Amino acid sequence: MHEENKVMTARDAIARFLHDGDSLIVGNYTEGIPYSLIFEIIRQKKRGLTYYSQSGTADAEFLVAGDCVEKLCSAFIHKWGGRDAGSMVERYQRAGKLEVEDYTNFTYNARIAAGAYGYELMPVLPSIMDSDVFRVRGFMGEDKFGVIKSPFSGNDIPVVPAANPDVCILHVQRADVNGNAQHWGGLGSTVHACLASKKIIVSCEEIVDYDIIKSSPHLTIVPGFRVNAVIEEPYGCHPAELPGYRNVDYAMMMLINAAMCSEAGLSSMFDEWIYGLPDRVAYIQHYVQVFGQRSLNSYNAKSYYSAPAN
């Protein structure tokens, strides 16, 4: 069987597969956030996106601040910049520039699980009907939840519609040129987010031979035939962590948190770290100029091997 080489740059992948008005989901859950791809989306000024992020951190804040997102579907958004400063998501929402649909972790995951399995809908726990999550409707209106009769008990069962985003972006430890992507560590909603999506863009710390992928098939979370693009992007999740490769870069995290205290601060950060740099290689070079090589070296995870399995 002929396998297609899907290796390309982040710039080419975003330009080719993500379009204005698309729905976009981040595959990573709290760790390994694909910041290189997110920065490229902002750099290319994609517009009118509907963004899915189960537990949004700086990924959601950045894309909103870059005027890329018009609608946001999430279960949680970290409030960067502190309680008094608010967040870009909150600022845009209050200004009427962002519509938000709020789900719980369980109901959010039910939507993308339904999409991954090919279902039209997914039942969720009846207790959700007693909450404001069920009662308060945003841009989805009556399509946020539905209620059906159980054919077994006759009880009312709340359901959520399947989510099938146009594009999923994902950062993993390794992949091959055909797109077989391997990830280890906390998965959360990662697999369902990928498999529910129509297109998948994978960035990875390193591209390896298929024989390495084949030697640990249990680590493959996305099969190559479902992947549209592969980008070899060391430090592609910086400043987030990635098991086996990267730690959290607290120096950069503090810079981001300080920048998010005001729109002017974040605009200045964008000019320096996104718009002023062509790609992730330039980003890392600039990081070394600002923070030093020693700081970058400390970001790399130390080896700590598990017991081998035959």
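Source: prediction; values computed, not measured.

1. Concerning the sheet that holds strand S5 (residues 121–123)
Pairing is antiparallel across the open sheet formed by 3 strands, whose spatial order is S5-S7-S6. Whereas interior strands pair on both sides, the edge strands pair on one side only; in this sheet they are S5 and strand S6 (146–149). Going across the sheet, the axis of each strand differs from the next one's by a mean of 40 degrees, ignoring polarity. As paired elements, S6 and strand S7 (residues 156–161) share 4 bridges and run antiparallel to each other.

2. A few points about the environment of Leu37
With respect to the helices and strands, the residue Leu37 is situated in helix H2 (residues 35–43). C-alpha separation for the pair Leu37 and Ala13, spaced 24 residues apart in sequence, amounts to 8.9 Å. Non-local contacts of Leu37, meaning those with residues more than four positions away in its chain, are made with Ala10, Ile14, Ile169, Leu170, Ile201, Ser203 and Ile231.

3. Digging into the pattern of salt bridges
All chains considered together, the criterion is met by 8 salt bridges. For Lys144, the salt bridge identified is with Glu101, shortest N-O distance 3.3 Å. Of this pair, Lys144 sits in the loop between helix H7 (132–135) and S6 while Glu101 sits in strand S4 (residues 99–102), and the two are 43 residues apart along the sequence. A salt bridge links Lys214 to Asp211; the nearest nitrogen and oxygen atoms lie 3.8 Å apart. Here Lys214 pairs with Asp211, and both are found in helix H9 (residues 210–215), just 3 residues apart, close to one helical turn.

4. What about the side chain of Thr50?
With respect to the element layout, Thr50 can be found in strand S2 (residues 49–56). With a relative accessible area of 16%, Thr50 lands in the buried category. When residues no more than four places from it in sequence are discounted, the contact partners of Thr50 are Asp22, Ser23, Leu24 and Lys71.

5. Section: the nonpolar core
In terms of nonpolar packing, the biggest core is built from 58 residues, with Ile38, Phe62 and Ile201 touching the most fellow members. Among residues more than four places away in sequence, those in contact with Phe62 are Tyr35, Ile38, Phe39, Ile42, Ile256, Met260, Leu266, Met269 and Phe270. Counting 35 residues, the second-largest nonpolar core is a separate cluster that includes Ile25, Ile128, Ala163 and Ala175.

6. Focus on the state of the cysteines
Note: disulfide means a covalent bond formed between the sulfur atoms of two cysteine side chains. Taken as a whole and assessed by the stated rule, the structure comprises 0 disulfides. The structure places no disulfide on Cys73, whose sulfur is separated from the nearest cysteine sulfur, that of Cys168, by 14 Å. Sulfur of Cys194: no disulfide; nearest cysteine sulfur belongs to Cys168 and is 3.8 Å away. In this structure Cys194 comes out as buried when scored by relative accessible area, which is 0%.

7. Some remarks on the pairing of S2
With 8 of 8 residues buried, S2 is to be regarded as a mostly interior element. Where strand S1 (residues 23–26) meets S2, 3 bridges bridge the pair, whose relative direction is parallel. Paired with Ile25 across the bridge in S2 is Tyr52. In the classification by handedness, the crossover that spans S1, the intervening H2 and the parallel S2 is right-handed. Direction of pairing for S2 relative to strand S3 (residues 69–77): parallel, over a ladder of 7 bridges. Along S3, the bridge assignment pairs Gly56 with Ile77.

8. Some points on unusual backbone geometry
Each neighbour pair has its own omega, and for His238 with Pro239 the value is 10 degrees, a cis peptide bond. With respect to the helices, strands and loops of the structure, Pro239 is situated in the loop between strand S12 (229–232) and helix H10 (250–259). The backbone of Thr30 sits at a positive phi, close to 70 degrees, despite the residue not being glycine. Structurally, the position occupied by Thr30 is in the loop between S1 and H2. In this structure, Tyr235 takes a positive phi of about 65 degrees despite not being glycine. According to the relative accessible area criterion, Tyr235 is buried, its value standing at 15%.

Cut-offs used in this document
Residues numbered from 1 in each chain as written. Predicted model: local features only at pLDDT ≥ 70, side-chain atom pairs only at ≥ 80, totals over all residues. Heavy atoms only, no water. Pairing = 2+ DSSP bridges. Helix = DSSP H or I, 4+ residues; strand = E, 2+ residues; numbered from the N terminus. Axes fitted to C-alpha atoms, helices over the stretch in contact; angles between N-to-C directions. Contact = heavy atoms within 4.5 Å. Salt bridge = Lys/Arg side-chain N within 4 Å of Asp/Glu carboxyl O. Buried < 20%, exposed > 50% of the residue type's maximum accessible area, 1.4 Å probe, protein only. Core = buried A, V, L, I, M, F, W, Y, C linked by side-chain atoms within 4.5 Å. Disulfide = S-S within 2.5 Å. Right-handed = clockwise from strand over helix to strand, strands pointing away.

On their own, these measurements won't tell you what the molecule is for.
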